[in-house]
Amino acid sequence: MGAAHMLMAAGRGEIDALWQSGGNFGHTLPEPDLVHQALAKIRLRVHQDIVVNQTMLVEPADIVVLLPARTRYEQRGGGTETSTERRVIYSPEIPGSRPGEAKDEWEIPVLVAQKLDPERARTAFPWRDTQDIRDEIDRVCPTYRGIGNLREKGDNFQYGGAHLLAERFLTPDGRGHFSAVNLPEEQVPEGQFFLTTRRGKQFNSIIHANLDPITGARRDEVLMAPEDATRLDLRHGDAIILRNQSGEFQGRVRIDRIKPGCLQAHWPEINVLIPAGRLDPSGVPDYNAMVELVAARCLAANAIAEPELPVTQTGSRGPT
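Residues numbered from 1 in each chain as written. Predicted model: local features only at pLDDT ≥ 70, side-chain atom pairs only at ≥ 80, totals over all residues. Heavy atoms only, no water.

Participant: Give me the overall build of the protein: which residues, what numbers.
Facilitator: Summing up its helical and strand segments, the protein has eight helices and 14 strands in all. Taken along the three principal axes of its C-alpha coordinates, the protein extends 75 × 55 × 40 Å. Every one of the 320 residues in the protein was classed for burial, and the buried ones make up 36%. When contacts within the protein are restricted to residue pairs at least 6 apart in sequence, long-range pairs at least 24 apart make up 61% of them. One finds the centroid of the 37 positive side-chain charges in the protein at a distance of 4 Å from the centroid of its 44 negative side-chain charges. (Helix = DSSP H or I, 4+ residues; strand = E, 2+ residues; numbered from the N terminus. Buried < 20%, exposed > 50% of the residue type's maximum accessible area, 1.4 Å probe, protein only. Contact = heavy atoms within 4.5 Å. Lys, Arg positive; Asp, Glu negative; His and termini not counted. Charge placed at Lys NZ, Arg CZ, Asp CG, Glu CD.)

Listed below in C-alpha cells is the structure:
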C-alpha cells in the first residue's frame, strides 16, 4: 500500500497505528487539509526522522511518538545513496558529537523487534553496524553486488554497468518488447486552464530559496503563455487567484515559454489545488489539475459590488 492509499484508508478510519520513517505526508500529498484530517484520526503515530516536519505536529487521536534518527554521516559504518544514474555512492561516518537520544535509522526498528521477540530478533537482525547490512545486501541482492566493498570516501559503483541491459533484456527471449501507448486526451473546460507542477531551488519538498536561480521564478509565480496574458489583459507580476473544487492559491503572473492554455506553479505549495485520490496504477498521485484563473483586481471589484459573496481562503477546501 502506497502513501496515498494509506492516507485514504486513514481518512476512512481504517488505520489504528502508523509508523512513518522519513517523509512528510502533510507537505507532499495532494489536498493538505484532507491529509491532516486523515492523520488526526490515527490513534497512534510513530514518526522516525532526522528532522522535525509539519506532519509530526498534527494533533493525534491519542498519541504521537517521535524517534530521532542519525544521518548517514553519523551512523556507525557510514551509509550509501543511489544516484539517478544508478551509481551507488559510499559516505563514511564523520567523527564527532552525536544528537542526544538519536539512534542509527536501521537500529530503531531493530531495538523494537528485540523488545517484542528477543530470540527471533537476534537471528533475523545480527547486525552491529551498516557494514554488516551492506555485506548482507551483497549476498542476497545480485543487482547491488559489490556494495559490501564500499569502505572509503569516494568508493562507488554503477549497478548494471555503464549501459543498463545493453546485451539482453530480462525477458525469456532476452529481447526488449515495445508497444505504442495512446496518451489520454486532456479536455480543458471552457474558461479554465490545465495546471501542472514544477520544482525550484529545492530538494524534494524542502525549499532552499524563494528565488530559483535557474529560471528566476519566485515561489508564488505562476507561469503563463504570452497569448493567454494578452487575452486576459494581464501583465508580468499581476496578482491572480487560481481555484477549483479543492481550494485556492494566490500568486502572481510570470509570462514565460509555456503552451497556451496551460499554467505551471511550484510544488508543494500548489498541492492545495491538486485533487486527492486521483492515482496512477502504481498509486502515485496525478499532480495536475484543471483550474479557474481570476485576476485579483476583478475579485476585489466583485467583492465591493457584492459584499455578501464569501471568498474561500488560500489552502482551504472549496465548495463541492
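Participant: An account of helix 1 (residues 3-11) is needed here, citing residue identities and associated values.
Facilitator: Three or more residues of helix 1 are buried, namely A4, L7, A9 and A10. Of the surrounding elements, those touching the buried residues of helix 1 are helix 2 (25-28) and helix 3 (32-40). Looking one or two residues beyond helix 1, the residue adopting positive phi is G13, at roughly 80°.

Participant: Lay out the packing of helix 1 against helix 3 in plain terms, naming residues and giving numbers.
Facilitator: Packing of helix 1 against helix 3 brings their axes to within 8 Å, and their N-to-C directions diverge by 65°. Relative to helix 3, helix 1 is oriented so that their crossing is left-handed. For the pair helix 1 and helix 3, the contacting residues are L7, A10 and G11 in the first and V35, A38 and L39 in the second. For the contact of helix 1 with helix 3, the per-class residue count stands at five nonpolar, one polar and no charged. (Axes fitted to C-alpha atoms, helices over the stretch in contact; angles between N-to-C directions. Left-handed = near helix turned anticlockwise from the far one by under 90°. Nonpolar A, V, L, I, M, F, W, Y, C, P; charged D, E, K, R; others polar.)

Participant: Before we move on, can you summarise the sheet that holds strand 5 (residues 87-91) with the specific residues and values?
Facilitator: Here we have three strands laid out as an open sheet, ordered 4-5-6, and antiparallel in their pairing. Lying at the two open borders of the sheet, with one neighbouring strand each, are strand 4 (79-82) and strand 6 (156-158). Between one strand and the next, the sheet's axes are offset by a mean angle of 20°, whatever the strand orientation. Of the strand pairs in this sheet, strand 4 and strand 5 are connected by four bridges, and their pairing is antiparallel. Considered in strand 5, the bridge of G79 is made with S91. (Pairing = 2+ DSSP bridges.)

Participant: How would you explain the sheet that holds strand 7 (residues 192-198) if you had to name every residue and give the values?
Facilitator: If you walk around this closed barrel you meet the six strands as 7-13-10-12-11-14, and the pairing is mixed. Averaged over all neighbouring strand pairs, the angle between strand axes comes to 45°, with direction disregarded.

Participant: Can you explain a nonpolar patch on the surface? Please cite residues and give values.
Facilitator: A cluster of nonpolar side chains, contributed by L164, L165, F169, L170 and F178, occupies part of the molecular surface with about 560 Å² of accessible area. Residue placement: F169 occurs in the loop between strand 6 and strand 7. (Patch = residues over 30% accessible without salt bridge, like charges linked within 9 Å, V, L, I, M, F, W, Y side chains within 5 Å. Areas by Shrake-Rupley, 256 points an atom, 1.4 Å probe, with all protein chains shown as cover. Salt bridge = Lys/Arg side-chain N within 4 Å of Asp/Glu carboxyl O.)

Participant: Account for the pattern of salt bridges, with residues named and values stated.
Facilitator: Within the structure shown, the criterion is met by 16 salt bridges. A salt bridge links E269 to R219; its shortest N-O distance comes to 2.8 Å. One end of the pair, E269, is in the loop between strand 13 (262-266) and strand 14 (288-295); the other, R219, is in the loop between strand 9 (206-207) and strand 10 (221-224), with 50 residues separating them in the sequence. E269 gets classed as partly exposed once you look at its relative accessible area, which sits at 26%.

Participant: Which residues make up the layout of surface pockets, and what values do they have?
Facilitator: In this structure, the largest pocket encloses a volume near 970 Å³. Lining the largest pocket are 32 residues; nearest its centre among them are D49, I50, R72, E105 and F203. Mapped by element, the contributors of at least two residues to the lining of the largest pocket are helix 2, strand 4 and helix 6 (130-140). At four residues, the largest contribution of residues to the lining of the largest pocket is made by helix 6. Its residues assigned to classes, the lining of the largest pocket shows 12 nonpolar, 14 polar and six charged. Counted as a void, the second largest pocket has a volume near 250 Å³. (1 Å grid on protein atoms, 1.4 Å probe; cavity = no way out; pocket = protein on both sides within 12 Å on 5 of 7 lines; lining within 4 Å. Points joined across faces, edges and corners; volume = space filled by probe spheres on them.)

Participant: Hey, could you go over the packing of aromatic side chains for me, with residue numbers and the actual values?
Facilitator: Taken as a whole and judged by the stated rule, the model has five aromatic pairs. Aromatic pair W106 and W127: ring centres 6.1 Å apart, planes at 75°, arrangement edge-to-face. In this pair, W106 is assigned in the loop between strand 5 and helix 4 (107-116) and W127 in the loop between helix 5 (118-124) and helix 6, connecting sequence segments 21 residues apart. The pair W106 / W127 is uniform in exposure class, with both members buried. Seen from their ring centres, W267 and Y287 are 6.1 Å apart, and the 85° between their planes marks the pair as edge-to-face. (Phe/Tyr/Trp six-rings, centres within 6.5 Å; stacked < 30°, edge-to-face > 60°.)

Participant: Requested: an account of the nonpolar core, with residues and values cited.
Facilitator: L195, L234, L242, L263, L273, V291 and L293 are the most contacted members of the largest nonpolar core, which has 34 residues in total. Elements that contribute at least two residues to this core include exactly helix 1, helix 3, strand 7, strand 10, strand 11 (239-243), strand 12 (248-255), strand 13 and strand 14. In terms of residue count, the dominant contributor to this core is strand 14 (four residues). In this structure L234 touches M224, A229, I240, V253, I255, L293, A295 and R297, once residues within four positions along its chain are discounted. (Core = buried A, V, L, I, M, F, W, Y, C linked by side-chain atoms within 4.5 Å.)

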